[in-house]
Amino acid sequence: MVWASYGVATVYVTADAMDKGKKAAAAITLPIARVSSAHCTPATPVVCPGACGLACKLPKAALLHAVALGGLMEHGDGTGKTARVAVAMVDTFVWQALASVVIPGFTINRVCAASLYMLGLTTRWPLPVLKWTTTAIGLTTIPFIIKPIDR
């Protein structure tokens, strides 16, 4: 049962990483046409709505003019798109794997091992009762593990 839960958690983490990669890839293309900014009045630069958050070189008036034309142009020259998508996916996969699988799994395992050891030393309960008590103790630690990980 434990291995099945690891499998489910791994599928979730992988799907989340793929979703973040798709979002990073979609955020790289901006709705900006190749227009001359000579027809537009100077204004504050438009902040890229994508992952980079950098200010684009076209003023807001040029952006509005470009959207009216309905054109598309990639932010910058498009280089590094694969790297940005890969970084988004790897970052999400690593942090989600740590927060969803590794840290909780290790912590609960050690709490269960310690409680089984201590109950074995301090009580004369039969083995099935020890194991079920240890399982209950492990399950009760989950709410205490979630809060520090979410911070």
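Preceding this paragraph is the structure being described.
Fair warning: this is a prediction, and the values are worked out from it, not measured in the lab.

What counts and how
- Residues numbered from 1 in each chain as written.
- Predicted model: local features only at pLDDT ≥ 70, side-chain atom pairs only at ≥ 80, totals over all residues.
- Heavy atoms only, no water.
- Helix = DSSP H or I, 4+ residues; strand = E, 2+ residues; numbered from the N terminus.
- Contact = heavy atoms within 4.5 Å.
- Areas by Shrake-Rupley, 256 points an atom, 1.4 Å probe, with all protein chains shown as cover.
- Salt bridge = Lys/Arg side-chain N within 4 Å of Asp/Glu carboxyl O.
- Buried < 20%, exposed > 50% of the residue type's maximum accessible area, 1.4 Å probe, protein only.
- Expected span 1.5 Å × (residues − 1).
- Arc of directions from axis to C-beta.

J.: Help me out: how do you make sense of the overall build of the chain in this one?
T.: Along its length, the chain carries five helices and four strands. The linear arrangement of helices and strands in the chain, starting from the amino end, is α-β-β-β-α-β-α-α-α. Put simply, 61% of the contacts in the chain that link residues at least 6 apart link residues at least 24 apart. Total accessible area on the chain stands at roughly 10600 Å², and carbon and sulfur atoms take up 71% of it.

J.: Is there a simple way to explain the pattern of salt bridges in this structure?
T.: When charged atoms on two side chains of opposite charge get close, those side chains can pair. Enumeration over the complete set of coordinates arrives at two salt bridges. We note a salt bridge from K20 to D16, for which the minimum N-O separation is 3.4 Å. Residue K20 and its partner D16 are both found in helix α1 (residues 2-27); the two are separated by four residues, about one turn of the helix. Exposure remark for K20: the relative accessible area of 33% places this residue in the partly exposed category. A salt bridge links K23 to D19, with the shortest nitrogen-to-oxygen separation between them at 3.3 Å.

J.: Just checking my understanding: could you explain helix α4 (residues 127-140) for this structure?
T.: Each turn of an α-helix holds 3.6 residues, which means side chains three or four residues apart point in the same direction. Between its first and last C-alpha atoms α4 spans 20 Å; for 14 residues at 1.5 Å apiece the expected length is 20 Å, and the two agree. Within α4 the residues assigned to the buried category are L130, T134 and G138. Along the long axis of α4, the arc covered by the buried residues comes to 70 degrees, so they all point the same way. Facing away from the buried side of α4 by more than 90 degrees, the exposed set consists of P128, W132 and L139.

J.: Would you mind showing me how to read the environment of W125 here?
T.: The topology assignment puts W125 in the loop between α3 (81-122) and α4. Those residues in contact with W125, other than ones at most four positions away along the chain, are L119, L130 and T133.

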